[in-house]
Amino acid sequence: MNRTFLALLQFDGRGFQGWQRQAAGRTVQGEVERVLLRLAGHQLSAHAAGRTDAGVHADALGVSFVLPDRWTAAETRRALNALLPPDCWVMSVHAMTDGFHARKSALNRRYRYVIGTDDAAASPFRHPFEWALGRPVRGDLLAACARQLPGTHDFEAYSVRGQPHAHHHCDIQLAEWRPRAADRGVEFHIQANRFLHHMVRMLVGTMVDIALERRPPDDFARLLTSHDNQDTSAPAPPQGLYFARVEYPASAFLEEQRAHAIAGS
């Protein structure tokens with residue numbers, strides 16, 4: 001018999017080609033499945049709440065998998081943290097109901113994007129983990145763009161061509177810019193039922209271009225009704241993006257009934 005688990009995973013994305021396993025290159029999924037092979041004695045699949053790109057980080061990515069039922073949640077967390085590389089760390093492990101799937105069972109997901117607008121953003125202790133823009137941006141223009149996002153929109157103009165999507169509609173539940181402490185810059189927080197490939201980075205890149213007065217503010221609304229991504233700004237750099245949070249139904253948890261799988265902003 002097998003038992004289904006949910007692990008909440010943090011990782012430093014600098015050393016990975018993203019979450020999804022690939023024929024060549026180191027991936028987070030590959031590292032997790034390498035450890036699961038050792039724990040179960042045979043190949044197992046791990047499923048994530050979202051697929052991160054190369055260089056993107058995670059505060060708390062939901063990852064589901066099954067193990068033989070001799071494993072408990074506490075033992076699984078200890079084993080994962082003992083065997084995973086140092087750029088990955090499991091915050092917690094939860095026993096879940098049969099059929100639970102980290103992606104398919106998610107109610108919503110949240111990302112945050114970090115921008116450094118001060119000179120110290122170029123520090124080697126900061127620039128690998130944020131967009132070291134190093135110049136001020138107009139907060140009023142960023143806020144005006146973000147206010148247009150809540151609700152359901154077609155984000156075809158803010159997605160990469162050639163990706164297999166049944167449709168491009170996403171329901172945005174939260175979209176706001178927040179100041180960082182000590183005048184270090186700004187953070188963008190966005191929550192939705194689903195996200196498209198490069199969508200958050202393309203949104204941020206376009207909003208920042210508007211906030212730097214490189215393009216008119218009206219462009220943002222226009223692109224929300226467009227099906228052409230050729231006029232969208234280049235994606236913001238990957239190192240500023242974090243998978244921040246995922247929410248699951250309380251009924252999916254066996255040992256504790258909590259609506260939120262991840263505490264976070």
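The rules we used
- Residues numbered from 1 in each chain as written.
- Predicted model: local features only at pLDDT ≥ 70, side-chain atom pairs only at ≥ 80, totals over all residues.
- Heavy atoms only, no water.
- Helix = DSSP H or I, 4+ residues; strand = E, 2+ residues; numbered from the N terminus.
- Rg over C-alpha atoms; globule rule 2.2 N^0.38 Å.
- Buried < 20%, exposed > 50% of the residue type's maximum accessible area, 1.4 Å probe, protein only.
- Contact = heavy atoms within 4.5 Å.
- Lys, Arg positive; Asp, Glu negative; His and termini not counted.
- Charge placed at Lys NZ, Arg CZ, Asp CG, Glu CD.
- Polar contact = N/O pair within 3.5 Å; in protein donor to acceptor, adjacent residues only side chain to side chain.
- Core = buried A, V, L, I, M, F, W, Y, C linked by side-chain atoms within 4.5 Å.
- Axes fitted to C-alpha atoms, helices over the stretch in contact; angles between N-to-C directions.
- Parallel < 35°, antiparallel > 145°, perpendicular 65-115°, else oblique.
- Left-handed = near helix turned anticlockwise from the far one by under 90°.
- Nonpolar A, V, L, I, M, F, W, Y, C, P; charged D, E, K, R; others polar.
- Pairing = 2+ DSSP bridges.
- Expected span 1.5 Å × (residues − 1).
- Arc of directions from axis to C-beta.
- Phe/Tyr/Trp six-rings, centres within 6.5 Å; stacked < 30°, edge-to-face > 60°.
- Lys NZ or Arg CZ within 6 Å of the ring centre and 35° of its normal.

## Some details on the overall build of the protein chain
Phase 1 of the analysis: Each helix and strand in the protein chain was counted, giving 5 helices and 10 strands.
Phase 2 of the analysis: Here the C-alpha radius of gyration of the protein chain, 19 Å, is about what a compact globule of 265 residues would show, namely 18 Å.
Phase 3 of the analysis: Expressed as lengths along the three principal axes of its C-alpha atoms, the size of the protein chain is roughly 60 × 40 × 35 Å.
Phase 4 of the analysis: Per-residue burial over the protein chain gives 54% buried out of 265 residues.
Phase 5 of the analysis: Nonlocal contacts in the protein chain, meaning residues at least 24 apart in sequence, comprise 69% of its contacts between residues at least 6 apart.
Phase 6 of the analysis: Positive and negative side-chain charges in the protein chain, numbering 30 and 28 respectively, have mean positions lying 5 Å apart.

## Some words on the side chain of His94
Phase 1 of the analysis: Checked against the element boundaries, His94 lands in strand S4 (residues 88-96).
Phase 2 of the analysis: Side-chain polar atoms of His94 contact the side chain of Ser92, separated by 3.1 Å.

## Describing the nonpolar core
Phase 1 of the analysis: In terms of nonpolar packing, the biggest core is built from 80 residues, with Leu80, Leu149, Phe155, Phe188 and Val204 touching the most fellow members.
Phase 2 of the analysis: Ranked by residue count, the leading element in this core is helix H4 (residues 199-211), at 9 residues.
Phase 3 of the analysis: Sequence-distant contacts of Phe155, defined by excluding residues within four places in its chain, comprise Leu149, His168, Cys170, Ile172, Leu196, Met199, Leu203 and Leu224.

## Some thoughts on the packing of helix H3 (residues 139-146) against H4
Phase 1 of the analysis: Two elements in contact, H3 and H4, have axes separated by 8 Å at closest approach and are oriented at 140°. When the interaxial angle is binned, H3 and H4 end up oblique. The hand of the H3/H4 crossing is right-handed. On the side of H3, the interface is formed by Leu141, Leu142, Cys145 and Ala146, while H4 contributes Met207, Val208, Ile210 and Ala211.
Phase 2 of the analysis: A breakdown of the residues in the contact of H3 with H4 according to their chemical character gives 8 nonpolar, no polar and no charged.

## Structural notes on the pairing of strand S10 (residues 241-247)
Phase 1 of the analysis: Within S10, 7 of the 7 residues are buried, which leaves it mostly tucked inside the rest of the structure.
Phase 2 of the analysis: By the bridge criterion, 2 bridges tie strand S3 (residues 57-68) to S10 in an arrangement that is parallel. When the sheet's bridge partners are listed, His57 is paired in S10 with Tyr242.
Phase 3 of the analysis: Where strand S5 (residues 108-116) meets S10, 6 bridges bridge the pair, whose relative direction is antiparallel. Looking across to S10, one finds that Arg110 is bridged to Arg245.

## A short note on the side chain of Ser92
Phase 1 of the analysis: Tracing the backbone through its elements, the reader meets Ser92 in strand S4.
Phase 2 of the analysis: Given a relative accessible area of 18%, Ser92 falls into the buried group.
Phase 3 of the analysis: If we ignore the near neighbours within four places in the chain, the residues touching Ser92 are Leu6, Ala7, Leu8 and Arg77.

## Considerations on H4
Residue pairs three or four apart in sequence face the same way in an α-helix, which turns once every 3.6 residues.
Phase 1 of the analysis: Relative to the 18 Å expected for 13 residues at 1.5 Å per residue, H4 spans 18 Å between its end C-alpha atoms, a close match to the ideal helical length.
Phase 2 of the analysis: Of all the 13 residues making up H4, 13 are buried; the element is thus mostly covered by neighbouring parts of the structure.
Phase 3 of the analysis: Looking one or two places after H4, you find Glu213, whose phi comes out positive at around 60°.

## Let's talk about H3
Phase 1 of the analysis: Listing the buried residues of H3 in full gives Leu141, Leu142, Cys145 and Ala146. Down the axis of H3, the buried side of the element spans an arc of 135°, and every buried residue falls inside it.
Phase 2 of the analysis: For H3, the secondary structure elements touched by its buried residues are strand S8 (169-179), strand S9 (185-192), H4 and helix H5 (218-224).

## Notes on the packing of aromatic side chains
Phase 1 of the analysis: Within the structure shown, the criterion is met by 9 aromatic pairs.
Phase 2 of the analysis: Centroid distance Phe100 to Tyr248: 4.9 Å. Interplanar angle 75°. Geometry classified as edge-to-face. Of this pair, Phe100 sits in the loop between S4 and S5 while Tyr248 sits in the segment after S10; the two residues are 148 residues apart in sequence, bridging distant segments of the chain.
Phase 3 of the analysis: Clustering of aromatic rings is evident, with ring pairs tying together Tyr111, Phe195 and Phe243.
Phase 4 of the analysis: The residue whose ring lies beneath Arg112 is Tyr242, and the NZ or CZ to ring-centre distance is 4.2 Å.

## Thoughts on the environment of Leu224
Phase 1 of the analysis: Here Leu224 lies in helix H5.
Phase 2 of the analysis: The class of Leu224 is buried, set by a relative accessible area of 8%.
Phase 3 of the analysis: In sequence terms Leu224 and His127 are 97 residues apart; their C-alpha atoms lie 30 Å from each other.
Phase 4 of the analysis: Those residues in contact with Leu224, other than ones at most four positions away along the chain, are Gln148, Leu149, His153, Asp154, Phe155 and Tyr158.

Don't take any of this as a statement about function, it's just geometry.
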